[in-house]
Structures are given as structure tokens and as C-alpha cells.
Amino acid sequence: MSAIRWGILSTGNMARQFAEDFQYSRGGVLSAVCSRRQNDAEGFAREFGLEHAYSSLEDMLRGGQLDLLYIASPHSHHFDAAMTALKAGVPVLCEKPMTTTLQATEALYEAADKAGVFLMEALWTRFNPAIIEMLEWIREGRIGEVKTVHANFGFAVNVEPDHRLLNPALGGGALLDVGIYPLFLAQLVLGEVASMDSRVEIGETGVDVHEDIWLEHAGGGTSSLTASIDRFLPNNAIISGTRGYIEIPGHWFAAKSLRYCLEGKEPEWASFDFAGAGWHLEATHVNECLSEGRTHSPLYTPQDSIRLARTMNLLLDQWKTE
Ligand SMILES: NC(=O)c1ccc[n+]([C@@H]2O[C@H](COP(=O)([O-])OP(=O)(O)OC[C@H]3O[C@@H](n4cnc5c(N)ncnc54)[C@H](OP(=O)(O)O)[C@@H]3O)[C@@H](O)[C@H]2O)c1
């Protein structure tokens with residue numbers, strides 16, 4: 001099978017980090033990039049060794065050298081770009097969150113389904129080996145019955161009010177940017193949400209800058225989650241069960257180690273050594289999916305993505321009415 005040819009939309013922070021990590025992936029090649037400005041696209045293409053540079057998404061898709069579009073524009077721009085690609089029959093890996101609303105996310109998966117084209121939200125943590133091992137330990141019953149997920153993700157941003165993180169028009173706010181990760185972990189470990197409560201702080205630009213979220217899961221268990229873009233958090237996660245707990249230390253969403261603690265025993269550590277930050281693991285997974293002719297990932301499914309969108313939508317709706 002020949003290498004999957006990737007096109008990247010946007011040349012921002014995420015696109016650059018992804019392109020750097022891509023060298024460690026297997027089965028694909030970065031082929032084209034599209035930026036709002038031709039100069040920026042050409043600079044990015046030169047820097048990362050891409051063959052083609054565009055200033056129009058339609059032209060990049062029409063160019064015909066793409067097997068996949070990777071969308072790394074602000075959240076608010078994901079829907080239009082993904083829909084354009086799907087309608088052109090081009091598979092899509094779209095940065096998280098897939099879109100800013102449940103309705104738009106569902107519409108994209110429906111369109112992908114109808115067209116028989118691959119679509120996945122880039123929830124890269126799902127492909128992290130430490131997270132995969134954590135799920136295996138839970139499945140083996142190493143911590144007993146899982147009762148609670150504690151997880152947080154937060155940092156204090158120092159950006160202008162029109163930056164995408166603070167700008168409501170670009171989908172700004174902590175929940176869609178970082179809160180999505182703790183919610184993802186809670187639902188990965190404990191499944192469907194039955195009820196929830198939250199406390200939010202809204203910043204000067206009108207977006208959520210800090211939130212505490214409590215979930216009750218339909219199958220039992222609770223989650224206590226925090227997300228922030230106005231203060232530094234430890235960025236760790238703890239999954240507690242009736243026999244012990246698993247800690248995923250600092251930057252758990254990009255984990256390289258796990259700590260396993262059983263009542264009355266010395267903690268055990270497991271390390272996971274891989275190059276880069278881990279975005280290449282997601283890229284390799286997507287290449288495998290496309291090579292196998294899949295229209296969605298078996299590890300991070302449309303249902304997982306829609307479930308996450310539904311929970312975030314409910315929270316954002318609650319906060320609007322407060
Ligand atoms: N998976 C992860 O770990 C991770 C980490 C960070 C971010 N992300 C996701 O990646 C996406 C991009 O985030 P980022 O941090 O890369 O943002 P960023 O640095 O602001 O870059 C976004 C890029 O989008 C393009 N763009 C198009 N319209 C724009 C507009 N109206 N305003 C600003 N930029 C516009 C620009 O590229 P051009 O000038 O080339 O058009 C800009 O550089 C977000 O959805 C975010 O959630 C994911």
C-alpha cells in the first residue's frame with residue numbers, strides 16, 4: 001500500500017507540533033498545506049518538506065494529491081472545513097473539539113456516513129500507550145471495581161482578548177479547549193453520563209475560564225473534573241477502585257508513565273518511552289484505518305466523539321442560562 005498523503009489545514013501552533021511529530025509516524029507522508037496566506041503556506045511547506053502549498057482549501061482538495069485532510073484551524077472553523085472535505089470525498093482527521101455544538105458534530109458524522117468517508121476527531125490521548133495500558137489494568141481488575149475518576153487540565157493563558165482561547169467567535173473557553181480531555185477520560189473509564197453538576201467562572205470576554213464538573217455515570221461511579229485557562233493545575237489524573245488506584249502524573253493527556261498503588265503495598269511505576277509528544281501515534285493509527293478501508297476508527301468511534309460533544313453541549317447550555 002502506498003503512503004497516505006496528508007494535507008494540513010492551517011499553519012498555527014498545533015499544525016506545527018503535529019508536523020514535527022509526524023516524522024515518527026508510519027504509513028503516511030505530509031504532502032500539502034493550506035494557510036490563509038500563500039506565503040505562510042509556502043514557508044510551512046519548505047520547513048517541513050511538503051510538496052504543495054495553497055491559500056484555498058478548495059484548491060488543495062481539488063489538487064487531487066490528498067488521501068486525508070488534517071484540520072488544525074480554530075474550533076469555529078472545523079465544521080465548514082470538514083464538511084467541504086467530506087463532500088469532496090476526502091477523509092478527515094479534525095482537531096478536537098470536532099465542532100462547537102452537538103448538532104454540528106452529529107451533522108458531520110452523518111455526512112461522513114452517507115459519503116462512506118473516514119472521519120475522526122483528533123483525540124490523540126486515546127492512542128497513548130499509557131492510556132491503553134491503564135485500560136488493560138482496569139480490565140484485568142487490578143484496582144478492583146472502578147469508583148471514581150479525578151482529572152484536571154489547566155494552565156494560565158497570557159494572550160490578547162481576541163486570541164482563539166478567549167474569543168467567543170472562535171469557540172474560546174476552557175471547556176472546548178482543555179475540559180474536553182478530563183471529560184474524555186471520565187467517559188472512557190466510566191462510560192455514559194447519567195447526571196452532572198458544575199460550577200463555572202466566566203471571564204471578561206464572556207467565555208468560561210474555569211470550571212469544576214461532577215458527573216454521575218449511568219453504570220455507576222463518579223467523576224470529579226477541573227479545567228482552566230486562568231490558573232495552573234497539576235494536570236494529573238487518578239482512577240480509584242475498591243482495591244487500589246492508578247495515578248497518571250503531570251500532563252496525563254500525554255502520559256509517559258503510570259503509578260499503580262495497592263493498599264499496603266509499595267507503589268509500582270510503569271514507563272512508556274516514545275519519541276515526540278505522541279501525535280504520531282494518532283497519525284499512524286489513522287494511516288492504518290485508511291489502509292484497511294475503514295470509515296471510522298475502532299478505538300475512538302463516532303459514538304465516543306458524539307457522546308463527548310453531547311456532554312459539553314449540556315454544560316455550555318447550563319452555563320448560558322446561569
Ligand atoms: N490535540 C492537541 O493536543 C491540541 C493542542 C493544541 C490545539 N489543538 C487544537 O488545534 C486547533 C488549533 O489550535 P492552535 O493552538 O494551533 O491555534 P493557533 O495557534 O491560533 O492556530 C490556528 C490557525 O488557524 C488558522 N486560522 C484560520 N482562521 C483563523 C482565524 N479567524 N483566527 C485565527 N486563526 C485562524 C491560522 O492559520 P493560517 O494563518 O495558516 O491560516 C492559525 O494559525 C484547535 O481546534 C485546538 O483545539 C489541539
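Residues numbered from 1 in each chain as written. Predicted model: local features only at pLDDT ≥ 70, side-chain atom pairs only at ≥ 80, totals over all residues. Heavy atoms only, no water.

J.: Would you mind showing me how to read empty space enclosed by the protein here?
T.: A full pass over the atoms with the stated rule returns one cavity of 30 Å³ or more. Element by element, the count of residues in the lining of the largest cavity is highest for helix H9 (residues 302–321), at four residues. Considered class by class, the residues forming the lining of the largest cavity number five nonpolar, four polar and no charged. (1 Å grid on protein atoms, 1.4 Å probe; cavity = no way out; pocket = protein on both sides within 12 Å on 5 of 7 lines; lining within 4 Å. Points joined across faces, edges and corners; volume = space filled by probe spheres on them. Helix = DSSP H or I, 4+ residues; strand = E, 2+ residues; numbered from the N terminus. Nonpolar A, V, L, I, M, F, W, Y, C, P; charged D, E, K, R; others polar.)

J.: How should I be thinking about the state of the cysteines in this particular structure?
T.: What makes a disulfide is a covalent bond joining the sulfur atoms belonging to two cysteines. Scanning all chains against the criterion turns up zero disulfides. Its sulfur unpaired, Cys 34 is 14 Å from the next cysteine sulfur, which belongs to Cys 94. (Disulfide = S-S within 2.5 Å.)

J.: Even after reading the chapter, I still don't get the nonpolar core, so can you show me in this structure?
T.: Side chains of a nonpolar character, in soluble globular proteins, are inclined to be buried together. Trp 6, Met 134 and Ile 239 are the most contacted members of the largest nonpolar core, which totals 81 residues. Counting residues per element, this core draws most heavily on helix H7 (residues 174–190), which supplies 12 residues. When residues of this core are assigned to domains, at least three fall in each of domain 1 (4–123 + 279–298) and domain 2 (129–271). With residues up to four places along the chain from it excluded, the contact list for Met 134 reads Leu 185, Leu 188, Val 189, Ile 239, Ile 246, Ile 248 and Leu 258. Among the nonpolar cores identified, the runner-up in size contains 28 residues, and Leu 69, Met 98, Leu 108 and Ile 306 belong to it. (Core = buried A, V, L, I, M, F, W, Y, C linked by side-chain atoms within 4.5 Å. Buried < 20%, exposed > 50% of the residue type's maximum accessible area, 1.4 Å probe, protein only. Domains from an automatic or database assignment. Contact = heavy atoms within 4.5 Å.)

J.: Honestly, the domain arrangement of the protein chain in this entry has me stumped. Any pointers?
T.: Once the domains are mapped, the protein chain shows domain 1 (4–123 + 279–298) and domain 2 (129–271). Relative placement of domain 1 and domain 2: their C-alpha centres are 26 Å apart. With 10 residues of domain 1 at the interface, the matching set in domain 2 holds 10 residues. Interface area lost by domain 1 to domain 2 is led by His 75, Lys 96 and Leu 123, which between them contribute 53%. At the boundary of domain 1 with domain 2, the tally comes to one salt bridge. Salt-bridge contacts for Asp 177 lead to Lys 96; the nearest nitrogen and oxygen are separated by 3.8 Å. On the surface where domain 1 and domain 2 come into contact, there are one residue pair in polar contact (both at pLDDT 80 or more). (Buried area = accessible area lost by both parts, 1.4 Å probe. Salt bridge = Lys/Arg side-chain N within 4 Å of Asp/Glu carboxyl O. Polar contact = N/O pair within 3.5 Å; in protein donor to acceptor, adjacent residues only side chain to side chain.)

J.: How do you make sense of the pairing of strand S12 (residues 244–248) when you look at a structure like this?
T.: Across a regular strand the side chains alternate sides, sitting on one face of the sheet and then on the other. Within S12, four of the five residues are buried, which leaves the element mostly enclosed by the surrounding structure. Bridging between strand S11 (residues 237–241) and S12 involves four bridges; their strand directions are antiparallel. Bridge pairing in S12 links Ser 240 to Tyr 245. Hairpin connection between S11 and S12: a loop of two residues separates the two successive antiparallel strands. Two elements, S12 and strand S13 (residues 257–262), share four bridges in a ladder whose sense is antiparallel. (Pairing = 2+ DSSP bridges.)

J.: Where do I start with the environment of Leu 165 in this structure?
T.: Considering the arrangement of structural elements, one finds Leu 165 in the loop between strand S7 (146–154) and H7. Note on Leu 165: relative accessible area 8%, which makes it buried. Sequence-wise, Leu 165 and Pro 74 are 91 residues apart; in three dimensions their C-alpha atoms are separated by 8.9 Å. For Leu 165, the residues in contact, after removing those within four places along its chain, are Phe 155, Val 157, Gly 172, Gly 173, Asp 177, Val 207 and Ile 229.

J.: Just checking my understanding: could you explain the site of the ligand for this structure?
T.: As a matter of local geometry, the ligand sits amid 22 residues, with Thr 11, Met 14, Ser 35, Lys 96 and Arg 164 nearest to it. The separation between a nitrogen atom of the ligand and a polar side-chain atom of Glu 95 is 3.0 Å. Isolated, the ligand exposes 880 Å² of accessible area, and the fraction of that covered by the protein chains is 83%. Given that more than half its atoms are within 2 Å of the pocket grid, the ligand belongs to the largest pocket. Those elements that provide at least two residues to the shell around the ligand are helix H1 (13–22) and H7. Residues belonging to the shell around the ligand are distributed by class as follows: seven nonpolar, nine polar and six charged. Among the domains, domain 1 (4–123 + 279–298) and domain 2 (129–271) are the pair contributing at least three residues each to the shell around the ligand. (Near = heavy atom within 4 Å. Areas by Shrake-Rupley, 256 points an atom, 1.4 Å probe, with all protein chains shown as cover. Sits in = over half its atoms within 2 Å of the grid points.)

J.: What is the right way to look at the sheet that holds strand S1 (residues 4–9) in this model?
T.: Sheets are built from strands that pair by backbone hydrogen bonding, the pairs being arranged parallel or antiparallel. Pairing is parallel in the open sheet, where six strands are placed in the order S3-S2-S1-S4-S5-S6. Strand pairing shows two members of the sheet lacking a second neighbour, strand S3 (52–54) and strand S6 (119–122), which therefore form its edges. With strand direction ignored, the average angle separating the axes of adjacent strands in the sheet is 25°. Pairing geometry for S1 and strand S2 (residues 28–34), over six bridges, is parallel. Within S2, the residue paired with Trp 6 across the bridge is Leu 30. Of the strands in this sheet, S1, S2 and S3 touch helix H2 (residues 38–48), which is tilted by about 160° from S3. (Axes fitted to C-alpha atoms, helices over the stretch in contact; angles between N-to-C directions.)

J.: Which parts of the structure should I look at to understand the layout of surface pockets?
T.: Empty pockets left among the atoms are what a rolling probe the size of a water molecule brings to light. One number sums up the size of the largest pocket: a volume of about 1,100 Å³. Lining the largest pocket are 40 residues, with Met 14, Ala 72, Ser 73, Pro 74 and Arg 164 sitting closest to its centre. Where the lining of the largest pocket is concerned, the elements lending two or more residues are H1, helix H3 (57–62), helix H4 (78–87) and H7. Looking at the lining of the largest pocket, its residues break down into 17 nonpolar, 13 polar and 10 charged. For the second largest pocket, the calculated volume is near 340 Å³.

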